[in-house]
Amino acid sequence: MQKKEPFILNRIKSVGYAFRGMITLIKTEASIKVQLCIALTVTIAGLYFNISKTEWIAQVTMIGLVLSIEGLNTAVEAIADFIHPDYHKKIGLIKDVAAGAVLIASIAAVIIAGIIYIPKFF
Ligand SMILES: Nc1ncnc2c1ncn2[C@@H]1O[C@H](COP(=O)(O)OP(=O)(O)OP(=O)(O)O)[C@@H](O)[C@H]1O
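Residues numbered from 1 in each chain as written. Predicted model: local features only at pLDDT ≥ 70, side-chain atom pairs only at ≥ 80, totals over all residues.

Some points on the UniProt feature "binding site: a divalent metal cation" (unreviewed entry) in the protein chain
(1) Moving on: Feature annotation in UniProt assigns "binding site: a divalent metal cation" (unreviewed entry) to the following positions: Glu29 and Glu77. Taken together, the annotated residues stretch across 49 residues yet fold into one region, lying no more than 11.4 Å apart by C-alpha.
(2) Moving on: Locating glutamate 29 in the fold gives a position in the loop between helix 1 (7–28) and helix 2 (30–48).
(3) Moving on: Glutamate 29 sits in the partly exposed class, given 17 other C-beta atoms within 10 Å.
(4) Moving on: Looking at the element boundaries, glutamate 77 is found in helix 3 (residues 53–83).
(5) Moving on: Look at glutamate 77 and you get partly exposed, because 16 C-beta atoms sit within 10 Å. (UniProt positions renumbered as here; feature names shortened; annotations may be inferred. Helix = DSSP H or I, 4+ residues; strand = E, 2+ residues; numbered from the N terminus. Buried ≥ 20, exposed ≤ 12 C-beta atoms within 10 Å, placed from the backbone.)

Structural notes on the site of the ligand
(1) Moving on: By nearness alone, every residue bordering the ligand is listed as Ala30, Ser31, Glu77, Tyr87, His88, Ile91, Gly92, Lys95, Asp96 and Ala99.
(2) Moving on: Going through the elements one at a time, helix 2 and helix 4 (89–121) are the ones with two or more residues in the shell around the ligand.
(3) Moving on: For the shell around the ligand, the element with the highest residue contribution is helix 4, accounting for five residues.
(4) Moving on: In terms of residue class, the shell around the ligand is made up of four nonpolar, three polar and three charged. (Near = placed C-beta within 6 Å. Nonpolar A, V, L, I, M, F, W, Y, C, P; charged D, E, K, R; others polar.)

Looking at helix 4
(1) Moving on: An ideal rise of 1.5 Å per residue puts 48 Å on 33 residues; helix 4 measures up with 46 Å between its terminal C-alpha atoms.
(2) Moving on: Approximately 30° is the largest bend angle found in helix 4, and it occurs at isoleucine 115, with the proline proline 119 only one to four residues beyond.
(3) Moving on: By the burial criterion, the buried members of helix 4 are Val102, Ala109 and Ile116. (Expected span 1.5 Å × (residues − 1). Bend = angle between axes of the 7 residues up to and from the residue.)

Re helix 1
(1) Moving on: Along its 22 residues, helix 1 runs 32 Å from first to last C-alpha, staying within 8% of the 32 Å computed at 1.5 Å per residue.
(2) Moving on: In terms of burial, helix 1 is largely open, as just zero of its 22 residues are buried.

Details of the confidence of the model for the protein chain
(1) Moving on: In this model, the protein chain carries a mean pLDDT of 96, and residues with pLDDT of at least 70 account for 98%.
(2) Moving on: Under the prediction, the complex receives an ipTM of 0.91, its pTM being 0.91. (pLDDT = per-residue confidence, 0-100.)

Some points on the packing of helix 2 against helix 3
(1) Moving on: Contact geometry for helix 2 and helix 3: axes closest at 10 Å, N-to-C directions at 175°. The angle between helix 2 and helix 3 places the two elements in the roughly antiparallel class. Facing helix 2, whose interface residues are Ser31, Ile32, Gln35, Ala39, Val42 and Gly46, helix 3 presents Trp56, Gln59, Ile63, Val66, Leu67 and Glu70.
(2) Moving on: Of the residues that constitute the contact of helix 2 with helix 3, the class distribution is seven nonpolar, four polar and one charged. (Axes fitted to C-alpha atoms, helices over the stretch in contact; angles between N-to-C directions. Parallel < 35°, antiparallel > 145°, perpendicular 65-115°, else oblique. Contact = placed C-beta atoms within 7 Å.)

Here it is, written out as structure tokens:
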């Protein structure tokens, strides 16, 4: 029988795997790089305009939401390509729906950015 690892060691290892996944995502996905640049830009804008605590909460939440859904979209694409590398209507639908989820979060993020920053200009 395989020896059971201590709970804490097991959890630390899992966090390590998750970090590895995050680094792979950032290194390999062009869209994540673009989204990270946008996240950095709005973070600088937040500091420049000295946005409120509530605005920071909304902004950080949206950044986290877009990046994490993009990560899931990448995972769905990888699974789809692995199980069915050839063209298939269903694979197209699966990838479109996963990309649609990123789009929904991105639209919400743009709306929230508008709510925060448009009043700072007008
Ligand atoms: N195997 C396939 N069968 C059918 N349609 C596909 C297939 N692969 C891709 N597609 C279609 O092409 C679109 C783009 O797929 P792709 O895997 O290139 O995603 P992408 O969004 O361009 O990737 P990335 O996030 O890496 O930029 C899909 O949303 C789908 O409509």
